[in-house]
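Architecture and fold: a report
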Amino acid sequence: MPVKWIVLSIAILMYVLVVIFPEKKSWSALGAALAMILVRATGGESAGYLIHEAGTELINWYVLMIFIGSLVIAELFIYSRAPAVIADTIVLKSPNVGIAMVLILIMTGLISAFVENVATVLVMAPIALAMCSKLNLNPMYFMTGLAVMANLQGTATLVGDPPSMIFADYSGYGFNDFIFYQGKMSIFFAIQVGMIVGALYFYWIFAKDGGKKVEVEKEKNLSMVPSWLLILMIAGLAGASYIYGGLSLASGLVVVILAIAGLVWYRWVRKESSEKVLELIKGLDWDTTFFLIGIFVAVGAISSVGLLEDFVAFLCRIIGDNVLLGFVLIVVVSVLISGFVDNVPYIIVMLPVAATLSNDLSLKPELFMFALLVGSCMGGNLTPFGASANVVTVGILRKQGVKMNFAQWLKIGLPFTALTTAFSALFVWVVWR
């Protein structure tokens, strides 16, 4: 059997294992990466060269530096209780609970543009549950809203989610390019269009409780330092993007240095114990970190044996010269796949495919690549297991005695996904066609 088809078989097996055993996804990806290196070595390539290639060319250390550093800053931001303080202020200042709930969902999304999605949901969940308890409301809709809004806004910035970081690396985008690129409104604004539509959707759901008012006891902010670290991270990434363009060593160093400064502050200024510091570090999302390493190497192998070129040729035969068909196909297929399969390996594989299709049709590459980013990130809202934040949300509800099944999630998630994806994609089509 040719090496190409063995690599394809390993890739398919990896996807199956990730779907069946999502909690072991890093082992599946790392195992697949090792197997592909061995297969390519038996095909005549030097094992030493392949290992060197994996470490220096395939694994993007800048992405990993930004990912891990931003996780640390996010944990410290949550530790400071700043998000809870903001949410309590919104509740107290809002004229009624319906508006308060929607504003909290919007705030959750905006925080998630810079803070890991699961962490955002965890810190906002107690506020949502307390409000629902005081109003005697079923928390299912509010909690689901937290998850899907967090997932939605994770696409908006370079540090929002791993797929955005991967997109930035492939396309050469810096932090600023997510906002404006070549004089046009970029992916950030496409996501905000979806956010507005999603907020209106949830306001329609909460409208029946709009006349009620709820009082809360306002939280106290422990310190402004983590908030300043977050602001400095955003400013640093924007500055590095302006100076160097795209992802660079400077981008990674800015985030890592700020993360280390935060840990020093946590240990020596806040006087938290060394055990607490280690607990914070151990609690970071290391599974996704190692998953990314495995996926970088595995997808590099898929590309090197020519499978991506074969897939591009297949799609070209289907699409022909119909740009709209290609655009809609990428969005819809991305939503459906990402609703059931982790979007990280999917987007790594599909980015060069989308760029090549755009080039073949003499289009700006952003048209199809933004379609891919919108579909693959928003598709995670479709099902209760489409994103980690969804799984966590269902678990929190279960602990509250509220059992949420697939059909109940779909009742909320399907309209939200359809509306937000459609309007964000429409924005991309109008601006970048």
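Scroll up to find the structure.
Residues numbered from 1 in each chain as written. Predicted model: local features only at pLDDT ≥ 70, side-chain atom pairs only at ≥ 80, totals over all residues. Heavy atoms only, no water.

1. Some points on the overall build of the chain
Definition in use: A run of H or I in DSSP counts as a helix once it spans at least four residues, and a run of E counts as a strand once it spans at least two, with each numbered from the N terminus. Computation of the radius of gyration draws on C-alpha atoms, with the globule rule given as 2.2 Å multiplied by the number of residues to the power 0.38. The buried label goes to any residue with under 20% of its type's maximum accessible area, the exposed label to any with over 50%, and the partly exposed label to all in between, with areas taken from a 1.4 Å probe on protein chains only. Working rule for contacts: check all heavy atoms of both residues, and any pair within 4.5 Å makes them a contact. For every accessible area listed, the method is Shrake-Rupley and the probe measures 1.4 Å; residues are considered covered only by the protein chains on display.
When helices and strands are counted, the chain shows 20 helices and two strands. Computed over the C-alpha atoms, the radius of gyration of the chain is 22 Å, within 12% of the 22 Å expected from 2.2 N^0.38 for a compact globule of 433 residues. Structurally, the chain occupies a C-alpha span of about 70 × 50 × 45 Å along its principal axes. Per-residue burial for the chain yields a buried fraction of 58% across its 433 residues. Excluding contacts between residues fewer than 6 apart, the proportion of contacts in the chain whose partners are at least 24 apart in sequence is 79%. Just so you have it, the chain exposes about 18,300 Å², and 68% of that area is on carbon and sulfur atoms.

2. Describing the environment of I205
Positionally, I205 belongs in helix 10 (residues 187-206). Looking at I205, the relative accessible area reads 10%, which means it is buried. In sequence terms I205 and G55 are 150 residues apart; their C-alpha atoms lie 49 Å from each other.

3. What about the packing of aromatic side chains?
Put simply, the rule is: Here the aromatic set is Phe, Tyr and Trp, taking the six-membered ring for Trp, and pairing holds for ring centres within 6.5 Å; pairs whose planes are under 30 degrees apart are stacked, those over 60 apart are edge-to-face, and all others are tilted. Placement of a positive charge over a ring is assigned whenever Lys NZ or Arg CZ falls within 6 Å of the ring centre and within 35 degrees of the normal to the ring plane.
Within the structure shown, the criterion is met by 18 aromatic pairs. One aromatic cluster is present, built from ring pairs that chain together F167, Y173, F178, Y181, F370 and W432. Cation over ring: K4 sits above W5, and NZ or CZ is 5.7 Å from the ring centre. Sitting above the plane of the F291 ring, K25 keeps its charged end 5.0 Å from the centroid.

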